There are 2 protein chains.
Amino acid sequence: MERLEFERPADIEARSFQIISQELGPHGFDSATEQVVKRVIHATADFEFARTLVFSDGAVQYGAKALRAGAHIVTDTTMVAAGINKRVLGAFGGEVHTFVADPDVAEEARSRGVTRSLVSMERAARLDGPLVFAIGNAPTALIRLCELLDAGAMRMPELVVGVPVGFVNVVESKELVEKSAKNYIVSRGRKGGSTVAAAIVNALLYLDSRR
Amino acid sequence: MERLEFERPADIEARSFQIISQELGPHGFDSATEQVVKRVIHATADFEFARTLVFSDGAVQYGAKALRAGAHIVTDTTMVAAGINKRVLGAFGGEVHTFVADPDVAEEARSRGVTRSLVSMERAARLDGPLVFAIGNAPTALIRLCELLDAGAMRMPELVVGVPVGFVNVVESKELVEKSAKNYIVSRGRKGGSTVAAAIVNALLYLDSRR
């Protein structure tokens, strides 16, 4: 019954990361960044992210430090929010904010003919305190966030995780983040997604922890 | 301002599916199955799923029909649940059930030394009525589901969407589904995930609808 051996959750995760290390091979990531890259591969089984993930200098360290100090997280979708380990985040004092499903956001988006994601970033810009943005889906959210930052209309986030997925405005939205945000983690190209955004945030939360 | 042109949500989705159709090229899918494949590519920007997604005969039609008749959905994670369009599902009379986050599931998993996902499938097996399973993450959930089906310990689901992602027991868990379930959609190999599971379910919900 070899399979049963791997039904213990901690064993499954440890063995998964062993396989990822073997197949990833030599790389140039520092050890904190390596943890983020590996957790994204763990969540996607897609080694392409080892080439497409781009980190501003010290992004992982800044992000982890901010979360440890109680920074709140803004996500573009309820899926990203669902994927974040809120037990660990809450222990640091953080909370997740997702405005996209609010009825009045939907109403405003309809009347303006824009995406709910765009309006939800305008709501997030009004939040006080240090923030980490985790955008896994909506390029319009990321584009609006960059516009608000460029206009000085909101406080610079501690970190922007910009990993939308898709075919329209997605590549461009990530290029904007690299220009507009101080600290960022993006997945260049079309790939990304809610699971990638949540994996990055969780890797930051787990950094140096024994869980 | 060409970019603003694409801030209208319906335009973004239509243009995305145009691009997917162009790049996917000729294929052998019937038109209902094609919609599912394209929605998975839309959610992942990964055309590999056009080769790895496997459908039992009529799986898409069975699944769509069951959901239209009010079948409930069981997911392995709250992320999959978050990604499902519950407005459309609810209009058909369906609900989403996710047991993995229940405190007593966690307690039982700890005491037995198994994953919460495994225990959550045992809970799902007790549900009455027609069910669609959407497993995007946990191979242990899928394996336990197949064991319960093989043992005749639960009603055969209308459809099993088996698309866990990862490195340990993942490939094998999907092979089991192809043997144990009557109607199934699986992603062969390591890839899959919550976004893939939700995209498949949503494609079934949207089939033949004008949304």
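This one's a predicted model, so the numbers in the text were calculated from it and none came from an experiment.

**Details of the sheet that holds strand E1 (residues 53-55) of chain B**
Whether parallel or antiparallel, the strands of a sheet pair through hydrogen bonds between backbone atoms.
Residue and element names in this part refer to chain B.
Item 1. Sheet architecture is open: six strands sit in the order E1-E6-E5-E4-E2-E3, paired in mixed fashion. In this open sheet, the two edge strands, each paired with only one partner strand, are E1 and strand E3 (96-97).
Item 2. With two bridges connecting them, strand E2 (residues 72-75) and E3 associate as parallel partners. Residue pairing across strands places Val-74 opposite His-97, the latter belonging to E3.

**As for helix H2 (residues 9-24) of chain B**
Turn by turn, an α-helix covers 3.6 residues, leaving residues three or four places apart pointing in a common direction.
Item 1. Helix length check: H2(B) (16 residues) gives 22 Å between terminal C-alpha atoms against 22 Å at 1.5 Å per residue, within 8%.
Item 2. Where H2(B) is concerned, the buried positions are Ile12(B), Ser16(B), Phe17(B), Ile19(B), Ile20(B) and Leu24(B). On an axial view of H2(B), the arc spanned by its buried residues comes to 160 degrees, and they lie on one face. Those residues of H2(B) that are exposed and aimed more than 90 degrees away from the buried face are Ala10(B) and Gln22(B).
Item 3. Buried positions along H2(B) lie against helix H10 (139-150) of chain A together with helix H3 (31-44) and helix H4 (49-52) of chain B.
Item 4. Gly25(B) occupies a position one or two residues after H2(B) and carries a positive phi of about 70 degrees.

**Remarks on the relation of the copies chain B and chain A**
Item 1. With an axial shift of 0.0 Å and an RMSD of 0.0 Å, the rotation relating chain B to chain A amounts to 180 degrees. With respect to symmetry, the two chain copies, as superposed, fit the operation of a two-fold axis. Taking the C-alpha atom as reference, chain B places Met79(B) closest to the rotation axis, 2.5 Å from it.
Item 2. A shared binding surface is used by both copies, with 100% of the interface residues of chain B retained as interface residues in chain A.

**So, the packing of helix H10 (residues 139-150) of chain B against helix H11 (residues 170-180) of chain B**
Residue and element names in this part refer to chain B.
Item 1. Packing of H10 against H11 leaves a shortest axis separation of 9 Å and a crossing angle of 25 degrees. Classified by the interaxial angle, the pair formed by H10 and H11 is roughly parallel. Where H10 crosses over H11, the two elements pack in a sense that is left-handed. Facing Pro-139, Leu-142, Ile-143, Cys-146, Leu-149 and Asp-150 of H10, the residues of H11 in contact are Val-170, Ser-173, Lys-174, Leu-176, Val-177 and Ser-180.
Item 2. Split by residue class, the contact of H10 with H11 holds eight nonpolar, two polar and two charged.

Each value, and the rule that gives it
Residues numbered from 1 in each chain as written. Chains lettered and ligands numbered in written order. Predicted model: local features only at pLDDT ≥ 70, side-chain atom pairs only at ≥ 80, totals over all residues. Heavy atoms only, no water. Pairing = 2+ DSSP bridges. Helix = DSSP H or I, 4+ residues; strand = E, 2+ residues; numbered from the N terminus. Expected span 1.5 Å × (residues − 1). Buried < 20%, exposed > 50% of the residue type's maximum accessible area, 1.4 Å probe, protein only. Arc of directions from axis to C-beta. Contact = heavy atoms within 4.5 Å. Least-squares fit on C-alpha atoms with pLDDT ≥ 70 in both. Axes fitted to C-alpha atoms, helices over the stretch in contact; angles between N-to-C directions. Parallel < 35°, antiparallel > 145°, perpendicular 65-115°, else oblique. Left-handed = near helix turned anticlockwise from the far one by under 90°. Nonpolar A, V, L, I, M, F, W, Y, C, P; charged D, E, K, R; others polar.

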